[in-house]
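Observations on the three-dimensional arrangement
Residue-level listing of the chains:
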Amino acid sequence: QVQLVESGGGLAQAGGSLRLSCATSGRTFRTYAMGWFRQAPGADREFVAAIANSRDYLYYADSVKGRFTIYRDNAKNTVYLQMNSLKPEDTAVYYCAAESASSYGLVYMRDYEYDYWGQGTQVTVSS
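Read on for a plain summary of the structure. (Residues numbered from 1 in each chain as written. Predicted model: local features only at pLDDT ≥ 70, side-chain atom pairs only at ≥ 80, totals over all residues. Heavy atoms only, no water.)

1. Structural notes on the state of the cysteines
The test is simple: In plain terms, two cysteine sulfur atoms within 2.5 Å form what is called a disulfide here. Segments assigned H or I by DSSP are reported as helices when at least four residues long, segments assigned E as strands when at least two residues long, and all are numbered from the N terminus. Throughout, exposure labels follow a simple rule: accessible area from a 1.4 Å probe, protein chains only, divided by the maximum for the residue type, with under 20% read as buried, over 50% as exposed, and the rest as partly exposed.
Scanning all chains against the criterion turns up 1 disulfide. The partner cysteine of Cys22 in its disulfide is Cys96, sulfur to sulfur 2.1 Å. Since a negative S-S torsion denotes a left-handed disulfide, the Cys22-Cys96 link at about -85 degrees is left-handed. Placement of Cys22 in strand 3 (residues 18-24) and of Cys96 in strand 9 (residues 92-99) is noted, with a sequence separation of 74 residues between them. The two residues Cys22 and Cys96 agree in class, both being buried.

What follows is the structure, given as structure tokens:
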């Protein structure tokens, strides 16, 4: 089965930046649609960003649009989330997810649409 491992979380100041990485097993990574979700204390898991297997199709939650960027490096089987202009409300556990049977060029914004999940990485933003 597909394994996903997130890294890059930690503590940042408001206005600062972090880059999250999600390393994914398997030689067919380039066929997967990928997404980032987050879950803050006391809240449901919410969509953050998604990238299609074509890599040219992207989608962002309104709360992070203009601040976060999702991109992938298929040669490294890794998807990234570059987070700039961080706010305290970005504090959450961030999860990487893979959709292993994606049609070409589709993005997925609902958690139930994804097949595999990482264990999460904590991001804490202080003011």
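2. Let's talk about the nonpolar core
Let me state the cut-off plainly: Nonpolar cores were defined as sets of buried Ala, Val, Leu, Ile, Met, Phe, Trp, Tyr and Cys residues, with membership established by side-chain atoms within 4.5 Å. Contacts are assigned to residue pairs that have any heavy atoms within 4.5 Å of one another.
Ranked by size, the top nonpolar core spans 35 residues in total, and within it Met34, Trp36, Val79, Leu81, Met83 and Tyr94 carry the most contacts. Going through the elements one at a time, strand 3, strand 4 (33-39), strand 5 (46-51), strand 7 (68-73), strand 8 (78-83), strand 9 and strand 11 (121-126) are the ones with two or more residues in this core. Not counting chain neighbours up to four residues away, the residues in contact with Met83 comprise Gly16, Ser17, Leu18, Leu20, Arg67, Phe68, Tyr94 and Val123.

3. Some points on the pattern of salt bridges
Filter applied, for reference: We define a salt bridge as a side-chain nitrogen of Lys or Arg found within 4 Å of a carboxyl oxygen belonging to Asp or Glu.
Scanning all chains against the criterion turns up 5 salt bridges. Of the charged contacts in the structure, one is a salt bridge between Arg38 and Glu46, with a shortest N-O distance of 2.7 Å. Put simply, Lys65 and Asp62 hold a salt bridge, and the shortest N to O gap is 3.4 Å. By relative accessible area, which is 47% here, Lys65 ends up partly exposed. Residue class for Asp62 comes out exposed when judged on its relative accessible area of 66%. Each of Arg38, Glu46, Arg67 and Asp90 takes part in salt bridges that share partners, so that together they form one network.

4. A short note on the sheet that holds strand 1 (residues 4-7)
For clarity, the cut-off: Strands are treated as partners if at least two bridges between them are detected by DSSP. Axes here mean lines fitted to C-alpha atoms, for a helix over just the part in contact, with angles spanning 0 to 180 degrees between N-to-C directions.
As summarised here, the arrangement of the 4 strands in space is 1-3-8-7, forming an open sheet in which the pairing is antiparallel. Two strands lie at the open edges of the sheet, namely strand 1 and strand 7, each paired on one side alone. Across the sheet, the mean angle separating the axes of adjacent strands is 15 degrees when strand polarity is ignored. Sheet topology places strand 1 next to strand 3; 4 bridges connect them, and they run antiparallel. Counterpart to Ser7 in the pairing with strand 3 is Ser21.

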